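Descriptive analysis of the structure
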Amino acid sequence: MSSSAPQETGRQRLWSVDEHLADVLAAIRPLEPIELQLLDAQGCVLVEDVTVPVALPPFDNSSMDGYAVRVADVQGASEEFPAVLTVIGDVAAGSGELPTVGPGQSARIMTGAPLPPGAEAVVPVEWTDGGTGGGAASGMTPASAAPEGAAGEVRVHRAAEARAHVRARGSDVQAGDLALAAGTVLGPPQIALLAAIGRGTVRVRPRPRVVVLSTGSELVQPGEPLAAGTIYDSNSFALAAAARDAGAIAYRVGAVSDDAATLRATIEDQLIRADLLVTTGGVSVGAYDVVKEALTSVGGSGGSGVSGGSGGSGGSGEEDVQGGGVDFRKLAMQPGKPQGFGSIGPDHTPLLALPGNPVSSYVSFELFVRPAIRALMGLPDVNRPSVRAELKADKALGSPAGRRQFLRGKYDAGSGTVSPVGGSGSHLIAALAHADSLMVVPEDVTSVEPGAELEVILLG
């Protein structure tokens, strides 16, 4: 969707969604790479190409429990006329010294064990009598129960072609192959590959540490009793969970009362463990919107961390509040009109101040904080995927002129349709819990008829 031009409403400047996001991303720099142990690197972004030092698997090995044989010795074998071979020993996974299989001989072999010299194929134990002298076997006698079981004879009931049930050396990856390219996000399969090729550590950009802090004297922690005029703090839980979902390490701070000094002290205390600070609440124009008040004097030598974009060099309306390196502004969007962004502290820690209404704060997170987290991780694609979908509704959806509206929706990929969930109120948490997408209504559209096509941001 194209960027909207800045709007003026009296003395107050309205920023477009795209303008504000560009401002945020222009100030974000990817975190410096560090070397981490494999499990600590899960979820991180690789900053180096990793090549394979040795072939994988490093030797020919069996893909079945059975018997390692020479092809000529089992040619023409059948249940009526089985090939009778002498069993010369066991080959288990991890075996070092291997027996040599000569003419008329075989070796019991386990899955993953190296193919012994002289052997050309593996016949599964189910193709044999298992050395019992009876019919087809269903398994092998455990070595611990019958140490002498590796001796004697085995009857093979089927022929086997050369290399049957043998995993070839290097059939997964060859030495010198590119295992993983820089920019790869390390999930469980990637961690497995790194371990398989012998890497104990890897160089990555670490997961950002995100501190989430909610404000409001009316907020009570879940599990505690509610007094008159109080509500449970849901925003800090929602945003901390969203930060984790985006790939960050999230720290949730309990709700801070509407006292600027307390909030200021709390923010300053959290700087030591934050790559990004997120506050929710206290950014509007009320008498108790303490985030604005507190951030006029927090930050010290940090100064303004807004570089590039349209927010770092003037252009702010008279009602923008600047202080402590944080700008407070109004955006041409619904929900989430009041926003704050800047940096604080000696390390220029980025801070995003989100509105306090639950839906407003979550939508703001998806649009601005999640991309910031992904940028800190060094990912090239920072936004959620979006699709075009047909509106499925009983009536037209209204939208305020000059505002980009984000409505909760349920997307059906099969039919290519999206249906509204709940109303447009910014306090409707239940509707948000049942939505899997955001329907985007452009600034210049005031009504969307059923059947019209919309941009849909996928949240799942």
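Residues numbered from 1 in each chain as written. Predicted model: local features only at pLDDT ≥ 70, side-chain atom pairs only at ≥ 80, totals over all residues. Heavy atoms only, no water.

Regarding its fold elements, the protein chain presents eight helices and 31 strands. Counting only contacts in the protein chain whose residues sit at least 6 apart along the sequence, the fraction spanning at least 24 positions is 72%. Carbon together with sulfur atoms contributes 51% to the accessible area of the protein chain, which is approximately 20,300 Å² in total. (Helix = DSSP H or I, 4+ residues; strand = E, 2+ residues; numbered from the N terminus. Contact = heavy atoms within 4.5 Å. Areas by Shrake-Rupley, 256 points an atom, 1.4 Å probe, with all protein chains shown as cover.)

The next point concerns the packing of aromatic side chains. All told, the structure shown has zero aromatic pairs when counted by the stated rule. Note that Arg-13 overlies the ring of Trp-15, its terminal NZ or CZ placed 4.0 Å from the centroid. Just above the ring of Trp-15 sits the side chain of Arg-329; from NZ or CZ to the centre is 3.8 Å. (Phe/Tyr/Trp six-rings, centres within 6.5 Å; stacked < 30°, edge-to-face > 60°. Lys NZ or Arg CZ within 6 Å of the ring centre and 35° of its normal.)

A separate point is the side chain of Ser-364. As for its position among the elements, Ser-364 is in helix α7 (residues 358–376). Under the relative-accessibility criterion, Ser-364 is labelled buried at 0%. With near-sequence residues (within four places) excluded, Ser-364 lies in contact with Gly-336, Gln-339, Leu-354, Pro-355 and Val-369. (Buried < 20%, exposed > 50% of the residue type's maximum accessible area, 1.4 Å probe, protein only.)

Relative to each other, helix α4 (residues 235–246) and α7 sit at 30 degrees, their axes nearing to 10 Å. Overall, the two elements α4 and α7 adopt an arrangement that is roughly parallel. Our pair here, α4 against α7, has a crossing hand that is right-handed. In contact with Asn-235, Leu-239, Ala-242, Ala-243, Asp-245 and Ala-246 of α4, α7 contributes Pro-358, Ser-361, Tyr-362, Phe-365, Arg-370, Ile-373 and Arg-374. Class assignment for the residues of the contact of α4 with α7 results in eight nonpolar, two polar and three charged. (Axes fitted to C-alpha atoms, helices over the stretch in contact; angles between N-to-C directions. Parallel < 35°, antiparallel > 145°, perpendicular 65-115°, else oblique. Left-handed = near helix turned anticlockwise from the far one by under 90°. Nonpolar A, V, L, I, M, F, W, Y, C, P; charged D, E, K, R; others polar.)

Either a parallel or an antiparallel arrangement is found when strands of a sheet pair, and the pairing is made through backbone hydrogen bonds. Judged by pairing direction, the sheet is mixed, and its five strands sit side by side in the order β10-β7-β9-β8-β11 without closing on themselves. Each end of this open sheet is capped by a strand with a single partner; those strands are β10 (121–124) and β11 (153–156). Geometrically, the sheet is characterised by an average inter-axis angle of 40 degrees between neighbouring strands, direction not taken into account. Sheet analysis places strand β8 (residues 83–91) next to β11, joined by four bridges and oriented antiparallel. When the bridges of β11 are listed, Thr-86 appears paired with Glu-153. (Pairing = 2+ DSSP bridges.)

Turning to the environment of Asp-381, a few remarks are in order. Structurally, Asp-381 is set in the loop between α7 and β25 (386–391). For Asp-381 and Pro-371, which are ten residues apart along the polypeptide, the C-alpha to C-alpha distance reads 8.4 Å.

On to the pattern of salt bridges. Within the structure shown, the criterion is met by 16 salt bridges. Ionic pairing is found between Arg-108 and Asp-90, a salt bridge with its closest N-O pair at 2.7 Å. Taken together, the residues span a long stretch of sequence, with Arg-108 in strand β9 (residues 105–109) and Asp-90 in strand β8 at a distance of 18 residues. On the basis of relative accessible area, Arg-108 is assigned to the buried category, the value being 4%. Overall, Asp-90 belongs to the partly exposed group, its relative accessible area being 30%. Note that Asp-233 is salt-bridged to Arg-252, the shortest N-O span being 3.7 Å. (Salt bridge = Lys/Arg side-chain N within 4 Å of Asp/Glu carboxyl O.)

Another point: the pairing of β25. Pairing geometry for β25 and strand β31 (residues 453–458), over five bridges, is antiparallel. Paired with Glu-390 across the two strands is Glu-453, which belongs to β31. As paired strands, β25 and strand β28 (residues 417–420) are joined by two bridges and run parallel to one another. Counted as the bridge partner of Glu-390 is Thr-417 from β28.

Strand order in the open sheet made by the three strands is β3-β14-β4, with antiparallel pairing throughout. With one partner strand each, in any of the chains shown, β3 (34–37) and β4 (45–46) form the two edges of the open sheet. Judged from the two bridges that link them, β4 and strand β14 (residues 201–205) form a sheet pairing that is antiparallel. Pairing of Val-45 across the sheet is with Arg-205, part of β14.

Next up on the list: the nonpolar core. Core analysis: the biggest nonpolar cluster contains 44 residues, and Leu-276 and Ile-373 have the highest contact counts within it. Other than its neighbours up to four places away in sequence, Ile-373 contacts Pro-208, Val-210, Ala-243, Ala-246, Ala-248, Leu-276 and Phe-365. In terms of nonpolar packing, the next biggest core, distinct from the first, is built from 20 residues, Ala-260, Leu-271, Leu-277 and Val-290 among them. (Core = buried A, V, L, I, M, F, W, Y, C linked by side-chain atoms within 4.5 Å.)

The next thing to look at is the side chain of Ser-214. Inspection of the secondary structure assignment puts Ser-214 in strand β15 (residues 209–215). On the accessibility criterion, Ser-214 (1% relative accessible area) is buried. In this structure the side chain of Ser-214 is engaged in a polar contact, spanning 3.0 Å, whose partner is the side chain of Asp-233. Among all residues touching Ser-214, those that are not within four sequence positions of it are Leu-219, Asp-233, Ser-236, Val-253, Gly-254, Ala-255, Val-256 and Thr-280. (Polar contact = N/O pair within 3.5 Å; in protein donor to acceptor, adjacent residues only side chain to side chain.)

With that settled, the discussion passes to the confidence of the model for the protein chain. The pLDDT averaged across the protein chain works out to 86; a share of 85% of its residues lies at or above 70. Across the protein chain, the secondary-structure element scoring lowest on mean pLDDT is strand β20 (residues 321–323), at 35, and the one scoring highest is β3, at 98. Scored below 50 in pLDDT, residues 1–6 shows 17 contacts in the model against residues more than four places distant or in partner chains. In the model, residues 299–324 has pLDDT below 50 throughout and makes 66 contacts with residues more than four positions away in sequence or in other chains. (pLDDT = per-residue confidence, 0-100.)

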